[in-house]
Amino acid sequence: MSAGSNFWGSDSDNNNNGYAGSRASTPGLPLSRSHSPLPSDRPSPPTSASGGGIWPARKGISNGSANIGGYLPARKFLGKHLRKLSTTLPTYSPFSPPYSASYGTPSTPFPSSRLRSCFSLKRSKLSTFLLLIAALVIFVFTYLHHNPVSSKIRYASGGSKIVIILAANQGGGVMSWKGAKEWAVERDSIANKKAYAERWGYHLEIKDMSTKKRYAHEWRESWEKVDVIKQTMRQYPKAEWFWWLDLNTFIMEPSISLHSHIFQHIQNVTYRDINVYNPLNITHPLSKSDFFYLDDVSLSPVGDDRAESINLIIPQDCGGFNLGSFLIRRSEWSERLLDIWWDPVGYEQKHMEWEHKEQDALEYLYTNQPWIRTGTSFIPQRMINSFPPGACAETPDDNRIFYDEKDRDFIVNMAGCEWGRDCWGEMAYYRQLSEKLNSGWWKKSFR
């Protein structure tokens, strides 16, 4: 190929051929270096001097026109592809990975969209983690840790429905002098109930049981228990359950609430049929032939077998009903029972026969009044009234009665300790045992 002919052909070819890609050579430049327009559908303009010897596109440019003729599609095409190329070129970013050590070229830049999504994902995970930590702190502070806030929360969540009635100042020093040991027993018992009630948001009502005359001709010691319950019900009109505790009781497991211990599954921890444990040998259910006028519920050994009809929960010991620790619910049934139970007519006729006073009176009413059976439920003694050794001397090996450290019984009742046993010694022993059982490092932190 000669010097006059190149990729675009010779000068004669450009002058003679009329296809769209031919044009005149640019003056002052060799033909091999002349600019080459892209093919066009229009014929080449004349190159003679009479025709001006210049391209219409050049005329347009020299005249300042915006129309660039045949160059417009080419620039659009190249601009589009240049933009595509420029968007894929590596760009500097403080989050871009370092240069590759093996090739000496920068690694692929981290897309900003992925960076934003990564940051948002990290923020959501961090927020979830912080919420879980906050929930854990609130749970520990309000439910495990003993503080005024947790007590108020438990009070608002149902604790206000329960009232603990503690019989204090038994006898009041009237029947006998109260020495240092008697005062120490009272101090420890009251402190134990106060701490438990405050922990779970329950009401605590300490009642003075000092001996006094209710009527001019009688002493009604011990029978006052019924009257005190009636007074407390009037004092707390919005409360539902009332838990009576004698002074010689001690709550061994303060971390257990009454809700979790009894009320959440009251139907499973209580029994209506007294034949399950019947130390008094009370006939139950009543004979249909003798009590033909009663309905099926009254003649059933379990009543209607509904939790809603349970109004009285009492344990039984080796001698029968035990009222050192029992529960009664506010209802029309219980108001009627308390009225009959406290009726002075019954006291006048039977108080010389009933050795255990109000307990014997309740046993008599249960035996002879069928309607009382329908609202009464029994609970295993060790659920709310475990005895220490020596309380039931006639049945020393009955594991249904006595406190068991391995089973961590809920409460112990030093019943009858004033009759030949050391009340202060027993109270001190079980107080120290409770502290020992509940003094682990975790429980120490959240008592």
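For the structure itself, look to the data block above.
Residues numbered from 1 in each chain as written. Predicted model: local features only at pLDDT ≥ 70, side-chain atom pairs only at ≥ 80, totals over all residues. Heavy atoms only, no water.

1. Observations concerning the overall build of the protein
Broken down by element type, the protein carries 17 helices and nine strands. When each of the 447 residues of the protein is scored for burial, the buried share is 40%. Counting every atom, the protein has about 26300 Å² of accessible surface; 58% of that belongs to carbon and sulfur. (Helix = DSSP H or I, 4+ residues; strand = E, 2+ residues; numbered from the N terminus. Buried < 20%, exposed > 50% of the residue type's maximum accessible area, 1.4 Å probe, protein only. Areas by Shrake-Rupley, 256 points an atom, 1.4 Å probe, with all protein chains shown as cover.)

2. Section: unusual backbone geometry
Looking along the chain, the bond that leaves His-284 and enters Pro-285 is cis, with omega of -5 degrees. Looking at where Pro-285 falls in the secondary structure, it is placed in the loop between helix H9 (266–269) and helix H10 (296–299).

3. Some details on the nonpolar core
Buried together is how nonpolar side chains tend to be arranged in soluble globular proteins. Counting 41 residues, the largest nonpolar core has Leu-337 and Trp-341 as its most contacted members. Put simply, the parts of the chain that give this core at least two residues each are strand S1 (162–171), helix H7 (224–235), strand S3 (241–245), strand S5 (312–317), strand S7 (325–329), helix H11 (332–341), helix H13 (358–368) and helix H14 (370–375). Leu-337 has contacts with Leu-312, Leu-362, Leu-365, Trp-371 and Ile-372, leaving out every residue within four places of it along the chain. (Core = buried A, V, L, I, M, F, W, Y, C linked by side-chain atoms within 4.5 Å. Contact = heavy atoms within 4.5 Å.)

4. Overview of the state of the cysteines
Each disulfide is one covalent bond, formed between the sulfur atoms of two cysteines. Throughout the structure, instances matching the rule amount to two disulfides. Note that Cys-318 is cross-linked by a disulfide to Cys-392, the S-S spacing being 2.0 Å. The sign of the -85 degrees torsion about the S-S bond sets the Cys-318-Cys-392 disulfide as left-handed. With Cys-318 in the loop between S5 and strand S6 (320–321) and Cys-392 in the loop between helix H15 (381–384) and strand S9 (411–413), this pair connects stretches of sequence that are 74 residues apart. With a sulfur-sulfur separation of 1.9 Å, Cys-417 is cross-linked through a disulfide to Cys-423. (Disulfide = S-S within 2.5 Å.)

5. Points about the packing of H11 against H13
When two helices pack together, you describe them by how their axes are tilted relative to each other and by the distance separating the axes. Relative orientation of the contacting elements H11 and H13 amounts to 120 degrees, with a least axis distance of 11 Å. Relative to H13, the element H11 is oriented oblique. Between H11 and H13 the crossing geometry is right-handed. Every residue of H13 that contacts H11 at Leu-337, Ile-340 and Trp-341 is listed here: Glu-358, Ala-361, Leu-362 and Leu-365. The residue inventory of the contact of H11 with H13, partitioned by class, reads six nonpolar, no polar and one charged. (Axes fitted to C-alpha atoms, helices over the stretch in contact; angles between N-to-C directions. Parallel < 35°, antiparallel > 145°, perpendicular 65-115°, else oblique. Left-handed = near helix turned anticlockwise from the far one by under 90°. Nonpolar A, V, L, I, M, F, W, Y, C, P; charged D, E, K, R; others polar.)

6. Digging into the pattern of salt bridges
Counted by the stated rule, this structure contains 16 salt bridges. The salt bridge partner of Arg-306 is Glu-308, with a shortest N-O separation of 3.7 Å. Using a relative accessible area of 43% as the deciding quantity, one classes Arg-306 as partly exposed. What makes Glu-308 exposed here is its relative accessible area of 55%. Salt-bridge contacts for Asp-398 lead to Arg-400; the nearest nitrogen and oxygen are separated by 3.0 Å. (Salt bridge = Lys/Arg side-chain N within 4 Å of Asp/Glu carboxyl O.)

7. A word on the pairing of S5
Counting buried residues along S5, six of its six residues qualify, which places the element largely inside the surrounding structure. Residues Leu-312, Ile-314 and Gln-316 of S5 are buried on one face, and the alternating residues Ile-313, Pro-315 and Asp-317, pointing to the opposite face, are buried as well. Of the strand pairs in this sheet, S5 and S7 are connected by two bridges, and their pairing is antiparallel. In the sheet register, Ile-313 faces S7, and the bridge partner there is Leu-327. Of the pairings in the sheet, the one linking S5 to S6 comprises two bridges and is antiparallel in character. Residue pairing in the sheet places Gln-316 in a bridge with Phe-321 of S6. (Pairing = 2+ DSSP bridges.)

8. Remarks on the packing of aromatic side chains
Under the counting rule described, the total for this entry stands at 14 aromatic pairs. Arranged with centres 5.5 Å apart and planes meeting at 55 degrees, the rings of Phe-321 and Phe-378 form a pair that is tilted. Placement of the pair is Phe-321 in strand S6 and Phe-378 in strand S8 (residues 376–379), with a sequence separation of 57 residues. Phe-378 shares its class with Phe-321; the two are buried. Both rings, one in Trp-333 and one in Trp-371, keep their centres 5.9 Å apart while their planes meet at 70 degrees; by these two values the pair is edge-to-face. On the criterion of sequence distance, the pair formed by Trp-333 in helix H11 and Trp-371 in helix H14 is long-range, its members being 38 residues apart. The buried category is assigned to Trp-333, whose relative accessible area is 13%. With relative accessibility at 16%, the residue Trp-371 sits in the buried group. (Phe/Tyr/Trp six-rings, centres within 6.5 Å; stacked < 30°, edge-to-face > 60°.)

9. A short note on the side chain of Lys-230
If you trace the backbone, Lys-230 turns up in helix H7. Among residues more than four places away in sequence, those in contact with Lys-230 are Leu-338, Asp-339 and Trp-342.

10. Focus: helix H16 (residues 423–437)
An ideal rise of 1.5 Å per residue puts 21 Å on 15 residues; H16 measures up with 21 Å between its terminal C-alpha atoms. Residues Cys-423, Glu-426, Met-427, Ala-428, Tyr-430, Leu-433, Ser-434 and Leu-437 constitute the buried set of H16. (Expected span 1.5 Å × (residues − 1).)

11. Quick notes on the side chain of Asn-413
The topology assignment puts Asn-413 in strand S9. In this structure the side chain of Asn-413 is engaged in a polar contact, spanning 3.0 Å, whose partner is the side chain of Asn-385. With residues near it in sequence (within four places) discarded, Asn-413 still touches Asn-248, Thr-249, Asn-322, Gly-324, Asn-385, Ser-386, Phe-387 and Pro-388. (Polar contact = N/O pair within 3.5 Å; in protein donor to acceptor, adjacent residues only side chain to side chain.)

12. Quick word on H7
Taking 1.5 Å per residue, 12 residues should reach 16 Å; H7 reaches 16 Å between its end C-alpha atoms and fits that length. Looking only at H7, the buried set comprises Glu-224, Lys-225, Val-226, Asp-227, Val-228, Ile-229, Lys-230, Thr-232 and Met-233.

13. Some points on the packing of H7 against H11
Packing of H7 against H11 leaves a shortest axis separation of 9 Å and a crossing angle of 145 degrees. As for the relative orientation of H7 and H11, their crossing is left-handed in sense. Each of Val-226, Ile-229, Lys-230 and Met-233 in H7 lies in contact with H11, whose residues at this interface are Ser-334, Leu-338, Asp-339 and Trp-341. Across the contact of H7 with H11, the residue classes break down as five nonpolar, one polar and two charged.

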